[in-house]
Amino acid sequence: MRITVETLIKDRKYPFIFSLFTLLAVFSLLIFFNANSSPLTTVTDLSTSSPLVVLSTSPPSNASPPLIANSRSGGGNEVMDVHWRKCDGVYAVDYIPCLDNLKAIKALKSRKRMEHRERHCPESNPRCLIPLPPRYRVSVQWPKSRDMVWFDNVPHSKLVEYKKDQNWVKKSGDYLVFPGGGTQFKDGVMHYVDFIEKALPKIGWGKRTRVIMDVGCGVASFGGYLLDKDVITMSFAPKDEHEAQIQFALERGIPAILSVIGTQQLTFPDNVYDLIHCARCRVHWHGDGGKPLRELNRVLRPGGYFIWSATPVYRTDEKHQNIWNTMVNLTESICWKVVAKTSYFTGIGLVIYQKPVSSSCYERRKENEPPMCDQNRGKNVSWYTPLDSCLPPLPVPNQGSSYKWPETWPKRLRSKPVSLSTEPDAEELFYEDTRHWSGLVSDVYLQGFGMNWSNVRNVMDMNAGYGGFAAALANLPLWVMNVMPVHGPDTLSVIFDRGLIGIYHDWCESLSTYPRSFDMLHASFLFGNLTQRCDIIDVAVEMDRVLRPGGFVIVQDTMEMTNKLSPILRSLHWSVTVHQEQFLVGTKGFWRPDDIESL
């Protein structure tokens, strides 16, 4: 029962006077703290917003001991007493804990299937802070950054020499300049992009084809220039001898992630990409019995296209023709059909395959090879999951006889997603989530936090739900990496159906990206259940690693969680304010500690 002054009087409780004074004291404190916080425009029912993802597991036994000694009170500006140290070592400036674990990599029995490029996280997360490059400065803003970035922010020149004949990247004074070339399109990516659509007009850049994946993307010029056509590309490549290619992409403001097709599934759902592209991407699709190609089949949307521009397509010597013949057999075995095969004016050729929209072709195969996966396999989160040896069944349509393609962009952003749950209230929840985030972003996020959104290009939503936050920002010149925590409900397919991109991740581990990758991090009700599994200070250190100096954090959570997180961020010399007892807004500075700790 709710306790009020009226009920106390009515019930004639003996301790009424004491209770009244207690309530008055609490009320006075609330007025005091509200007077010291920044005003916000309110949104209807804002205080009743709830988390979309619920986590419930126990803390790991190997969690690192806390660095926190105590907190210093400062009138609502508490700061944790933490002795921070700066990471030290040859690779410290660009350190990625789960990809630079040299001890684990050296212990691998084999590297034949790119095992050494996959994730190998340390037993405990390092708690030293990543140093800045010596002359690091605020990044060049979009759209200028697509074509040039500060060399001192990514001071790597290996690709400048290694790819100088292919127009990937050049050094010009204080800048790295990106002319828009690539291994297969030295004369410019836009000619290549137009050539693809001319070869197959049904592709419909930015209409039918909205969400694509570029395998072995180099410096991501293919995806960067497709943004002009309303296409968003998940560019990925491993951290390999092509020094800092993904770091270049992110510094340019182009969506990218470090990943490899090795022994494990990519961290994406089944049946989500409209198109996949590989231009000399150095993946042996026919290797390991064709498992890499089957992994593409898994993530490619039914009716989607695979564009392969590589030497076996257009060279006629025995070596290349053997590979081509193997690809013919592999693609036929998974019912892909060739819908175009042509040559570019430079002599470079490409082939475009299409994935089937129904399972009838699988049933007509003379041999069940690769075999069909168990129908009860279900949708598994692709997180440390081995590559399939079988062929996943196509999604069963709710209506009609074949798979339904999403609405054309931009209608698909707010249309009912193809993969939305069939539960009775799923559609209502989806549309309510869209309305909620549209109002919250327009009335609060863009108006009430005093942030300079013109400085925001690379955004990460750490707990993305249905992707409503990203959808609400769709008209701004930024992009959002939607992260789906692996220990909660899986709605990542819905995000892709909307024409957005995202990945699976466990925030108790480090992300597969370079330091200083994002201008803004957003987390809505992530931390409460996450801290049942790992220490919040480890998550704060990872946030500090991936956020650029001058970057922003917005955390929507309970005051209990905000009171735990705020002192930690202040100990990192971040500027932190709390609004309306549910929003933490932080800004990362350029501070790094003087003491060092070897990695």
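Predicted, not measured: the structure shown is a model, and the values here were computed from it.

Quick notes on the rules
Throughout, a residue's number is its position along its own chain's written sequence, starting from 1. Totals for whole chains, interfaces and linings use every residue, but because this is a predicted model, local features are given only for residues with pLDDT of at least 70 and side-chain atom pairs only at 80 or more, for both listing and counting. The basis for the side-chain values is all heavy atoms of the structure; hydrogens and waters are excluded. Pairing between strands is defined by DSSP: at least two bridges between them are needed. Think of it this way: any DSSP run of H or I at least four residues long counts as a helix, any run of E at least two long counts as a strand, and we number them from the N terminus. Between N-to-C directions, angles span 0 to 180 degrees; the directions come from axes that are lines fitted to C-alpha atoms, helices contributing only their stretch in contact. In plain words, nonpolar cores are sets of buried Ala, Val, Leu, Ile, Met, Phe, Trp, Tyr and Cys residues tied together by side-chain atoms within 4.5 Å. Three labels apply to residues, based on accessible area from a 1.4 Å probe with only protein chains included: buried if under 20% of the type maximum, exposed if over 50%, partly exposed otherwise in between. Known as pLDDT, the predictor's per-residue confidence is scaled from 0 to 100. The contact criterion used throughout is that any non-hydrogen atoms of two residues lie within 4.5 Å. Any pair of nitrogen or oxygen atoms within 3.5 Å is treated as a polar contact; in protein, a donor-acceptor pairing is required on top of that, and neighbouring residues in sequence qualify only through side-chain atoms on both sides. Any Lys or Arg side-chain nitrogen found within 4 Å of a carboxyl oxygen on Asp or Glu counts as a salt bridge. The disulfide criterion is simple: two cysteine sulfur atoms within 2.5 Å.

Describing the sheet that holds strand S16 (residues 501-505)
Strand pairs in the sheet, formed through backbone hydrogen bonds, run parallel or antiparallel to each other.
Inference 1: Strand order across the open sheet formed by seven strands is S16-S15-S14-S17-S18-S20-S19, with mixed pairing between neighbours. Either end of the sheet is taken by a strand with one partner, and the two such strands are S16 and strand S19 (575-579). Shown here is a sheet whose adjacent strand axes are inclined to one another by a mean of 20°, direction ignored.
Inference 2: Both strand S18 (residues 547-556) and strand S20 (residues 583-587) contribute to a ladder of five bridges, which runs antiparallel. Its bridge partner lying in S20, Phe552 is registered against Thr587.

Focus on the nonpolar core
Here is a general trend for soluble globular proteins: nonpolar side chains tend to be buried in one another's company.
Inference 1: Formed by 118 residues in total, the largest nonpolar core has its most connected members in Met213, Tyr273, Trp285, Phe306, Trp308, Tyr445 and Phe527.
Inference 2: Element by element, the count of residues in this core is highest for helix H16 (residues 536-546), at seven residues.
Inference 3: Ranked by size, the runner-up nonpolar core spans 23 residues in total, among them Phe185, Tyr192, Ala279 and Tyr305.

Considering the confidence of the model for the chain
Inference 1: Confidence in the prediction of the chain, expressed as mean pLDDT, is 87, and 86% of residues score 70 or more.
Inference 2: Low pLDDT (under 50) marks residues 1-24, which in the prediction has ten contacts with non-local residues, meaning those over four places away or in another chain.

As for the environment of Arg365
Inference 1: Along the chain, Arg365 falls in the loop between helix H11 (360-364) and helix H12 (426-445).
Inference 2: Judged by relative accessible area, which is 15%, Arg365 ranks as buried.
Inference 3: Apart from residues no more than four positions distant in its own chain, Arg365 is found in contact with Ser333, Cys335, Pro370, Met372 and Leu391.
Inference 4: Here the side chain of Arg365 touches Tyr362 through a polar contact of 3.3 Å, landing on its backbone oxygen.
Inference 5: A polar contact of 3.4 Å, which involves the side chain of Arg365, links it to the backbone oxygen of Glu369.

Remarks on the pattern of salt bridges
Inference 1: A complete count under the given rule lists 25 salt bridges for this structure.
Inference 2: The partner of Asp288 in a salt bridge is Arg113, and the shortest N-O contact between them spans 2.8 Å. Here the residue Asp288 occupies a position in the loop between strand S10 (273-279) and helix H8 (291-299), and Arg113 occupies one in the loop between helix H3 (102-106) and strand S4 (148-150), the gap between them amounting to 175 residues.
Inference 3: Residue class for Asp288 comes out partly exposed when judged on its relative accessible area of 39%.
Inference 4: Classification of Arg113 by relative accessible area gives partly exposed; the value is 31%.
Inference 5: Among the ionic pairs, Asp519 bridges to Arg548, the shortest N-O distance being 2.9 Å. Highlighted residues: Asp519 in strand S17 (residues 518-524) and Arg548 in strand S18, separated in sequence by 29 residues.

Let's talk about the state of the cysteines
Inference 1: Applying the stated criterion across every chain yields a total of six disulfides.
Inference 2: What pairs with Cys278 in a disulfide is Cys281, and their sulfur atoms sit 2.1 Å apart. Here the S-S torsion is close to -85°, and the disulfide linking Cys278 with Cys281 is therefore left-handed.
Inference 3: Assessed through its relative accessible area of 8%, Cys281 is described here as buried.
Inference 4: Residue pairing for Cys373: its cysteine sulfur links by disulfide to Cys390, the two sulfurs lying 2.0 Å apart. Handedness of the Cys373-Cys390 disulfide follows from its S-S torsion of about 95°: it is right-handed. Linking Cys373 in the loop between H11 and H12 with Cys390 in the loop between H11 and H12, this pair joins segments that are 17 residues apart in sequence. Pair check on accessibility: Cys373 and Cys390 agree, each one buried.

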